[in-house]
Amino acid sequence: AFDKDGVLWATGGTPGQPPGLVWRILADGAVEEWAQVSNAPFLNGCAPHPDGRSLLVCESMTGRVLGVDMRERGAWWTSIADERLRPADPDTPGANGIKVRDGALWVSVTGRNTLLRAPLQADGSAAVLEVAAANLRADDFAFAPDGALLLATHPAHSVVRLAADGTRTTLAGPEQGAAGSTACAFGRAAGDAGALYVTTNGGLTAPRIG
């Protein structure tokens, strides 16, 4: 995720083995290991908090959204802990993609086929998570300018548009190259804001049958 200053933040590590790692990547390409989360076996999506200080990070196995201080190296905390963020089975991630829009935090919980939402409080903390959409597989997702969500469905091999009124439309499938769609984002260059870019793994972890 990019912060307001154009700094790129990335998460990783060895899935299933703590610690989880957070890196800070500067515009000149310099990479700094920023934080080690000692009890995080699977860090995943991340998004800057509107406070400009915190990076919100999904932990896909232990049912948490973490906060990482973007000013103080090594500082982190648990922002949200909720059983609904845990995976339904150990082979599928729980909390995965995360975004902040219009004063609310959004999290896709892949293994439970849910999209959760929590309003942000005046002090910056999140209120209680609520189900924004159910029976909807999503890995990562992006918000369109009109507020619709574009979701990469990974094992469902598609890109789906979820409109504000709940209407669901499949925009791309295997025939358009969306097999194993894992993440999506709108372009950032001049004249590119209307283009949605989708990364895929070609169905490597969830092969398409038929």
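Right, let's walk through the structure included here.

Conventions used here
- Residues numbered from 1 in each chain as written.
- Predicted model: local features only at pLDDT ≥ 70, side-chain atom pairs only at ≥ 80, totals over all residues.
- Heavy atoms only, no water.
- Pairing = 2+ DSSP bridges.
- Helix = DSSP H or I, 4+ residues; strand = E, 2+ residues; numbered from the N terminus.
- Axes fitted to C-alpha atoms, helices over the stretch in contact; angles between N-to-C directions.
- Core = buried A, V, L, I, M, F, W, Y, C linked by side-chain atoms within 4.5 Å.
- Buried < 20%, exposed > 50% of the residue type's maximum accessible area, 1.4 Å probe, protein only.
- Contact = heavy atoms within 4.5 Å.
- Salt bridge = Lys/Arg side-chain N within 4 Å of Asp/Glu carboxyl O.

## Brief notes about the sheet that holds strand S2 (residues 17–25)
As a general point, the strands of a sheet are linked pairwise by backbone hydrogen bonds and lie either parallel or antiparallel.
Item 1. One open sheet holds the 3 strands; their spatial order is S1-S2-S3, and the pairing between them is antiparallel. Single-partner strands in this sheet number two, and they are strand S1 (8–14) and strand S3 (31–37). The sheet shows a mean angle of 30 degrees between the axes of neighbouring strands, direction not considered.
Item 2. Pairing of S1 with S2, which is carried by 6 bridges, proceeds in the antiparallel orientation.

## Some details on the sheet that holds strand S9 (residues 104–109)
Item 1. Strand order in the open sheet formed by 4 strands is S8-S9-S10-S11, and the pairing between neighbours is antiparallel. Because the sheet does not close on itself, it has two edges, and the strands there are strand S8 (95–101) and strand S11 (130–134). In this sheet, adjacent strand axes meet at a mean angle of 25 degrees when their direction is disregarded.
Item 2. In the sheet, S9 pairs with strand S10 (residues 114–119) via 6 bridges, with the strands oriented antiparallel. Each bridged residue has a counterpart across the sheet, and for tryptophan 106 the counterpart in S10 is arginine 117.

## A short note on the nonpolar core
Side chains that are nonpolar tend, in soluble globular proteins, to be buried together.
Item 1. Formed by 15 residues in total, the largest nonpolar core has its most connected members in Val65, Ile80, Leu85, Ile98, Leu105, Val107 and Leu129.
Item 2. Put simply, the parts of the chain that give this core at least two residues each are strand S5 (54–59), S8, S9 and S10.
Item 3. Excluding anything up to four places from it in sequence, isoleucine 98 contacts Gly45, Cys46, Ala47, Leu56, Cys58, Val65, Leu105, Trp106, Val107, Asp140 and Phe141.
Item 4. Trp9, Ala40, Cys46 and Val57 belong to the second-largest nonpolar core, a separate cluster that totals 14 residues.

## Here we look at the pattern of salt bridges
Once their charged atoms are close, side chains differing in charge can pair, the charge on each being opposite to the other.
Item 1. Overall, the coordinates contain 10 salt bridges when judged by the stated rule.
Item 2. Taking the shortest distance from any N to any O, the salt bridge between arginine 86 and glutamate 83 comes out at 3.0 Å.
Item 3. Given the relative accessible area of 31%, arginine 86 is considered partly exposed.
Item 4. Salt bridges here are not isolated pairs; linked through shared partners, they connect Arg24, Glu32 and Arg73.

It is worth stressing that arrangement in space is one thing and function is another; only the former is reported here.
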